[in-house]
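So the chains spell out like this:
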Amino acid sequence: MINAWEVGTIVAIVAGVVGFLVVLRGDVFAAHAIPNGAFAGAAGASLVGLSPLLGLGLCSVTAALVISALRRHGQRDASTALVLVLTLASGAALLSQSTQLASSAYSLLFGEILGASATRVLPLLLLAVVVVGVVLLRWRAFVLSAVTPDLAMARGIHQGRLDASFLVVVALATTLTVPVVGALLVFSLMVGPAAAARLLVARPGRSLLVATATSLVVLWGALAAAYWTNWPVGFFVSVGSAGVYLIVRLITHSR
Amino acid sequence: MQPEILSVEHLTVALRGRVILDDVSFVIRRGEFTGLIGSNGVGKTTLLRALLGLESPHSGVITIDGAPRGRSHAAIGYVPQKIALDADVPLRVRDFVALGLDAERWGLPRRTAAHRARVREVLEAVGATHLADQRLSALSGGEQQRVFIAHALVRRPAILLLDEPLANLDPRNVQEIVALLHRLAREHDVAILLSAHEMNALLPVMDRVIYLTGGHCASGPTNEVVQTDVLSALYGHHVDVVQVHGRVFVIAEPNEATDNLPEHPTLTVH
Amino acid sequence: MHWLIAPGFFTSAPVHTALVLSAIAATVCAVVGVFTVLRGMAFAGHALTDVAATGGSGAVLVGASPLTGFLTGAVAGAGAVAVAGGRDARGRDVATGIVLSLATGLSALFLYLDATTSSATGVTQRVLFGSLFSADPSTVLPTLSVGLLALVVTGLTVRPLVLTSLSVELARARGIRVGLVNVVFLATMATAVGLSALVSGSLLSTALLIGPAVAAVRCTTRLSHALVVATALGVGCSWLGILLSYDSYNWMPNNQSLPVSFFVVVTVVLSYAICTWWGTRARRV
């Protein structure tokens, strides 16, 4: 059980950090769509006996690079959405081929407390360090290009490559968070706390801290509630995130 | 004297607590070319929207073709300022113009030979016959504008309202559109009311001007309105009206908004 | 013909039901989808499918029919989208997304409760990815009625719908009640999504709504042509999907056929790729 808390903490921090970027760039689509690719990867890996996490990671990074390439060549969201529905459908096809896969499908999509307990901490921690490291390393570039893209270009920041690295970061974060929260609800953990933080605090640095802290609170609460009721972690995460966001929205609205 | 088709009396419009138009009155007659001139932000779009029934006036009367301003009038054709067209819209130019005949009607559209003939007629009038079967989204800015004018004209309105049609065009296109509108006014007996922040391109064709500033307006024949005494009274302080080589410049005080500074082609800062 | 159409295809009753249901759903989706694409509401359309899932999973819990569940969910989603503001803008995307992930969270809970309280197996799969062959034949009539209603409403409002998609200002100047048109259209979108979820499950229903429509729009210049092409593509892909799924029973080593939704999505994406290529070629010439 302690394992679940450790894993949960790592997941929450990564989700908060990456979620901050997602909300900053307003790139809701990526956070919503990349986990789709992750699902198919996990299903496929499971079927052939590989570690689901590996399949998850490979598939979501590939999805991220494909989306980035499509975006650079002017393809619209509709075409990207169709490609991602295709990966989901592939996951569905894989699912239909194995009954044991079917039972793990639910936890892949929505997260499970057992999933959190079973994950090994060390590889997760390493991946988390990489993700957070990349974000902090390119912090100024990310913030600048989100807030004033023209200025960023003038400073020599290559938009295409930055976009690709952003999407890969989202993909890696997805890999971390899916086992705990589930593919369909990763979005919720990333975006809810970050959006709430953004409403409260304007300065990027502080906003990042608030987003991460909120994400931790939401995930801890979700883990506790899931442990107690045996209901899916993802459910509590989505309720928690939405709740936090709506409350903050109401507070700031009435100011 | 041509008959009145649009009459505005003592119109006052307020938005979000601010008075934008204060006691504005003017008349537009059949076949006249009128320019609504004023700097950016002065209330030209608000006035046009009020004429279209999209803003409720605080007070004042708007009369269109003898009837008070109602829900919508077939007598008014409207060309909005900016249309953002998605490259994916599957609509031909002739279909879009035909839509102008009955866009607000429910039910499946039925196009008769008379409809098709009218569409052909109006496309010819604006010089867009060669574009008839092209996708709406494949047109250039100038071409799109002609098509939107055709769309507005297809119901034979008595007056055509255009919101800043010249704002984003290069000088050659400006000349062409102004000439087109002038021809439409003369040959098809349509009154033209267009808003602009600079009147020099319109001087050769403009019959009357409605000069708007600070919520007030002065209207009448161009050469009567654009005079030092009239505009000074309108601005509430002294302004100079300078005529150089057939171009007119209104020079307000230096501490006025930049938009009121004279626009000389080589000095204009965009 | 046996290698293409497995034996028993034309005589199988579940196949008949599947063909009819999918034809209805595909037609409605194609027609509504073209206008969805026209109005740039693809994200809203996608969002509606998430809420449809909540409805579908909730329906299993209370014993209602999947169609009722999906439709209720989609309509509730349409209400939420209408409140969040209709057209997309950055901040509104975030807000809509959060409310809809809440719906997904609820789906998670309902599906969990479904699995633990009822003896039904594979509920998750059915709701999310569809199970067309096990559809109840008695749903054909209600599906047809709802579908026809959506088509009639779209037909009645086509002119205001097109103008409001092009320019809200122009539409208002013509006296068109833009808000009403938006609400009516959202309702038809919800219907299309609900029907599509029945065929492919909620997660993949976006494909049937957006795919044929985007493909048709890319390779036609007239609205009427776009509608016809989208419908042909939609029905064609759905039927092909049903056929391939039926056939796949014999392909797989363990005799587990691949889901209809998988084939529908694949054929839709392929037809989209072909139509886009065709469209760009035609325009270059």
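Since the structure is predicted, the reported quantities are computational estimates derived from the model, not experimental observations. All residue numbers here refer to positions counted from 1 along the written sequence of the relevant chain. Chain letters and ligand numbers both follow the written order, the letters beginning at A and the numbers at 1. Totals for whole chains, interfaces and linings use all residues, but because this is a predicted model, local features are given only for residues with pLDDT of at least 70 and pairs of side-chain atoms are given and counted only at 80 or more.

Undergrad: Mind showing me how you'd approach the overall build of chain A here?
TA: Only DSSP runs of H or I reaching four residues or more are called helices, and only runs of E reaching two or more are called strands; each is numbered from the N terminus. A count of helices and strands for chain A gives 13 helices and zero strands. Start at the N end of chain A and walk to the C end: the helices and strands fall as α-α-α-α-α-α-α-α-α-α-α-α-α. Structurally, chain A occupies a C-alpha span of about 55 × 40 × 35 Å along its principal axes. The long-range share in chain A, meaning contacts at least 24 apart out of those at least 6 apart in sequence, stands at 76%. Whether two residues are in contact is decided by their C-beta atoms, placed from the backbone, lying within 7 Å.

Undergrad: What am I meant to see in the overall build of chain B here?
TA: Helix and strand content of chain B: seven helices and 12 strands. Its C-alpha atoms give chain B a radius of gyration of 19 Å, near enough to 18 Å, the size a compact globule of 270 residues would have. Seen through its C-alpha atoms, chain B measures out along the principal axes to roughly 60 × 45 × 40 Å. When contacts within chain B are restricted to residue pairs at least 6 apart in sequence, those whose partners lie at least 24 apart make up 64%. In this treatment the radius of gyration is a C-alpha quantity, and the globule benchmark scales as 2.2 Å times the residue count to the 0.38 power.

Undergrad: Is there a simple way to think about helix α3 (residues 52-72) of chain A in this case?
TA: Two residues of an α-helix separated by three or four positions point the same way, owing to the 3.6 residues in each turn. Residues and elements named next belong to chain A. Relative to the 30 Å expected for 21 residues at 1.5 Å per residue, α3 spans 30 Å between its end C-alpha atoms, a close match to the ideal helical length. Here exposure depends only on C-beta density: within 10 Å of a residue's C-beta, 20 or more other C-beta atoms make it buried, 12 or fewer make it exposed, and intermediate numbers make it partly exposed, the C-beta atoms being placed from the backbone. Every buried residue of α3 is listed here: Pro-52, Leu-53, Gly-55, Leu-56, Gly-57, Cys-59, Ser-60, Val-61, Ala-63, Ala-64, Ile-67 and Ser-68. Check the buried side of α3 and you find it contacts α2 (28-48), α4 (77-96) and α10 (159-181). One less than the residue count of a helix, multiplied by 1.5 Å, gives the span that helix is expected to have.

Undergrad: Help me out: how do you make sense of the sheet that holds strand β7 (residues 159-162) of chain B in this one?
TA: Adjacent strands of a sheet form backbone hydrogen bonds with each other and so pair up, either parallel or antiparallel. Residues and elements named next belong to chain B. The pairing criterion is simple: DSSP has to find at least two bridges between the two strands. Spatially, the six strands line up as an open sheet ordered β6-β7-β8-β3-β9-β10, and their pairing is mixed. Each edge of the open sheet carries a strand with a single partner, namely β6 (76-79) and β10 (216-221). Neighbour-to-neighbour, the strand axes of the sheet open up by a mean angle of 15°, direction not taken into account. Sheet topology note: the strand β3 (residues 33-37)/strand β9 (residues 208-213) ladder contains four bridges and is parallel. In the sheet register, Ile-37 faces β9, and the bridge partner there is Tyr-211. Relative to β6, helix α4 (residues 141-153) is tilted by about 160°, and along the sheet it contacts β6 and β7. Every angle, taken between N-to-C directions, lies between 0 and 180 degrees, and every axis is a line fitted to C-alpha atoms, over only the stretch in contact when it is a helix. Sitting on the sheet, helix α5 (residues 171-188) is in contact with β3 and β8 (191-196), with an inclination near 155° to β8.

Undergrad: Help me understand the interface of chain A and chain C in this model?
TA: The parts lose accessible area when they come together, and the size of an interface is often stated as this lost area. With 37 residues of chain A at the contact, the number on the chain C side is 38 residues. Breaking the side of chain A that touches chain C down by element, the ones donating at least two residues are α2, α4, α5 (99-110), α11 (186-200) and α13 (233-254) of chain A. Ten residue types, Ala, Val, Leu, Ile, Met, Phe, Trp, Tyr, Cys and Pro, are classed as nonpolar, four, Asp, Glu, Lys and Arg, as charged, and the remainder, Gly among them, as polar. Residues belonging to the side of chain A that touches chain C are distributed by class as follows: 27 nonpolar, nine polar and one charged.

Undergrad: Could you clarify how one ought to interpret helix α9 (residues 178-200) of chain C in this entry?
TA: Look at α9(C): 32 Å from first C-alpha to last across 23 residues, which is about the 33 Å you get at 1.5 Å a residue. Where α9(C) terminates, the next one or two residues include C:Gly201, which has phi positive at roughly 80°.

Undergrad: Looking at this model, I keep getting lost on the interface of chain B and chain C. Mind explaining?
TA: Contacts between the two partners involve 24 residues from chain B, matched on the other side by 27 residues from chain C. Per-element accounting of the side of chain B that touches chain C gives the leading share, three residues, to helix α2 (residues 93-102) of chain B.

Undergrad: Just checking my understanding: could you explain the pairing of β10(B) for this structure?
TA: Every other side chain in a regular strand lies on the same face of the sheet, so the side chains alternate between the two faces. All names here are of chain B. Bridge count between β9 and β10: six bridges; the pairing is antiparallel. Directly across from Arg-208, in β10, lies its bridge partner Pro-221. Where β9 folds back on β10, the antiparallel hairpin that results is connected by two residues, among which Gly-214 adopts a positive phi of roughly 60°.

Undergrad: Looking at this structure, I do not really get the domain arrangement of chain B. What am I missing?
TA: All names here are of chain B. Each domain of chain B was delimited in the assignment, giving domain 1 (1-75 + 157-221) and domain 2 (86-156). Residue ranges assigned to each domain were obtained from an automatic or database domain assignment. For domain 1 versus domain 2, the distance between C-alpha centres works out to 24 Å. Counting from both sides, the interface comprises 12 residues of domain 1 and, opposite them, 10 residues of domain 2. No other element matches the five residues that α5 contributes to the side of domain 1 that touches domain 2.

Undergrad: What is the right way to look at the nonpolar core in this model?
TA: Think of a nonpolar core as buried Ala, Val, Leu, Ile, Met, Phe, Trp, Tyr and Cys residues chained together by C-beta atoms that fall within 7 Å. Counting 278 residues, the largest nonpolar core has A:Val18, A:Val170 and C:Val34 as its most contacted members. Two domains each donate at least three residues to this core, and these are domain 1 (1-75 + 157-221) and domain 2 (86-156) of chain B. Non-local contacts of A:Val18, meaning those with residues more than four positions away in its chain, are made with A:Val131, A:Val135, A:Val169, A:Val170, A:Ala173 and A:Met190.

Undergrad: Explanation requested: the arrangement of the chains in the structure shown.
TA: For the two pairs of chains in contact, the maximum contact count is reached by chains A and C. When C-alpha atoms are compared, chain A and chain B, though not in contact, are closest at a spacing of 11 Å.

Undergrad: Would you explain the sheet that holds strand β1 (residues 4-15) of chain B in this entry?
TA: All names here are of chain B. Spatially, β2-β1-β4-β5 is the arrangement adopted by the four strands of the open sheet, whose pairing is antiparallel. At either margin of the open sheet sits one strand with a lone partner, and together these are β2 (18-29) and β5 (67-68). In terms of strand pairing, β1 meets β2 through eight bridges, oriented antiparallel. Across the sheet, Leu-6 pairs through a bridge with Ile-28, a residue of β2.

Undergrad: Got a minute to help me understand the packing of α2(B) against helix α3 (residues 113-125) of chain B in this structure?
TA: Between two packed helices, both the angle of their axes relative to each other and the distance between the axes serve to describe the pair. Residue and element names in this part refer to chain B. Two numbers describe how α2 lies on α3: the axes approach to 10 Å, and their chain directions differ by 110°. Accordingly, the angle class assigned to the pair α2 and α3 is roughly perpendicular. You can see that α2 and α3 cross each other, and the crossing is right-handed. Residue-level contacts link Arg-94, Val-97, Ala-98 and Leu-101 of α2 to His-115, Val-119, Val-122 and Leu-123 of α3. When its residues are assigned to classes, the contact of α2 with α3 shows six nonpolar, one polar and one charged. By the definition adopted for this analysis, an angle is roughly parallel if under 35 degrees, roughly antiparallel if over 145, roughly perpendicular if from 65 to 115, and oblique otherwise. Crossing handedness follows the turn of the near helix against the far one: under a right angle anticlockwise gives a left-handed crossing, and clockwise gives a right-handed one.

Undergrad: Just to check I follow, could you spell out the packing of helix α1 (residues 13-38) of chain C against helix α6 (residues 140-156) of chain C for this structure?
TA: Residues and elements named next belong to chain C. Where α1 meets α6, the axes come as close as 10 Å, and the angle between the chain directions of the two elements is 20°. Taken together, the axes of α1 and α6 are roughly parallel relative to one another. For α1 against α6, the interelement crossing comes out left-handed. Contact residues: Thr-17, Val-20, Leu-21, Ile-24, Thr-27, Val-28, Val-31, Val-32 and Phe-35 in α1; Val-140, Thr-143, Leu-144, Gly-147, Ala-150, Leu-151 and Thr-154 in α6.

Undergrad: Would you mind going over the confidence of the model for chain B with me for this structure?
TA: It should be kept in mind that the predicted coordinates are not to be read in detail where pLDDT is low. Residue and element names in this part refer to chain B. The share of residues in chain B with pLDDT of 70 or more is 92%, and the mean pLDDT across the chain is 85. Confidence scores here are pLDDT values: one per residue, from the predictor, ranging 0 to 100. The weakest mean pLDDT in chain B belongs to β5 at 80; the strongest belongs to β7 at 94. Throughout residues 256-270 the model reports pLDDT below 50, and contacts reaching past four residues in sequence, or to other chains, amount to 11 contacts. Listed scores for the predicted complex are pTM 0.85 and ipTM 0.83.

Undergrad: Just checking my understanding: could you explain the environment of B:Asp163 for this structure?
TA: All names here are of chain B. Inspection of the secondary structure assignment puts Asp-163 in the loop between β7 and α5. The spacing of Asp-163 and Ile-37 is 126 residues in sequence and 11 Å in space, taken between C-alpha atoms. What Asp-163 contacts, discounting residues up to four positions off in sequence, is Thr-45, Leu-48, Val-79, Pro-80, Gln-81 and Ser-195.

Undergrad: What am I meant to see in the environment of B:Phe249 here?
TA: For B:Phe249, the location among the structural elements is in strand β12 (residues 247-251). A sequence separation of 63 residues divides B:Phe249 from B:Arg186, and the C-alpha atoms of the two residues are 27 Å apart.

Undergrad: In this structure, what is going on with the pairing of β6(B)? I would like to understand it.
TA: All names here are of chain B. Here β6 shows no split at all, with Ile-76 and Tyr-78 on one side and Gly-77 and Val-79 on the other all buried. Direction of pairing for β6 relative to β7: parallel, over a ladder of four bridges. Of the residues in β7, the one forming a bridge with Gly-77 is Leu-160.

Undergrad: Explain the confidence of the model for chain A to me, please; I cannot follow it from the model alone.
TA: Residues at a pLDDT of 70 or more form 93% of chain A, whose mean pLDDT is 83. Averaged pLDDT values over the elements of chain A bottom out at 61 in helix α6 (residues 113-118) of chain A and peak at 91 in helix α12 (residues 204-229) of chain A.

Undergrad: Would you explain unusual backbone geometry in this entry?
TA: For residues besides glycine, phi is generally negative; the peptide bonds are generally trans as well. All names here are of chain A. Here the phi dihedral of Asn-230 falls at roughly 70°; this positive angle occurs in a residue that is not glycine. Relative to the helices and strands, Asn-230 is located in the loop between α12 and α13. Overall, the presence of 11 C-beta atoms within 10 Å leaves Asn-230 in the exposed class.

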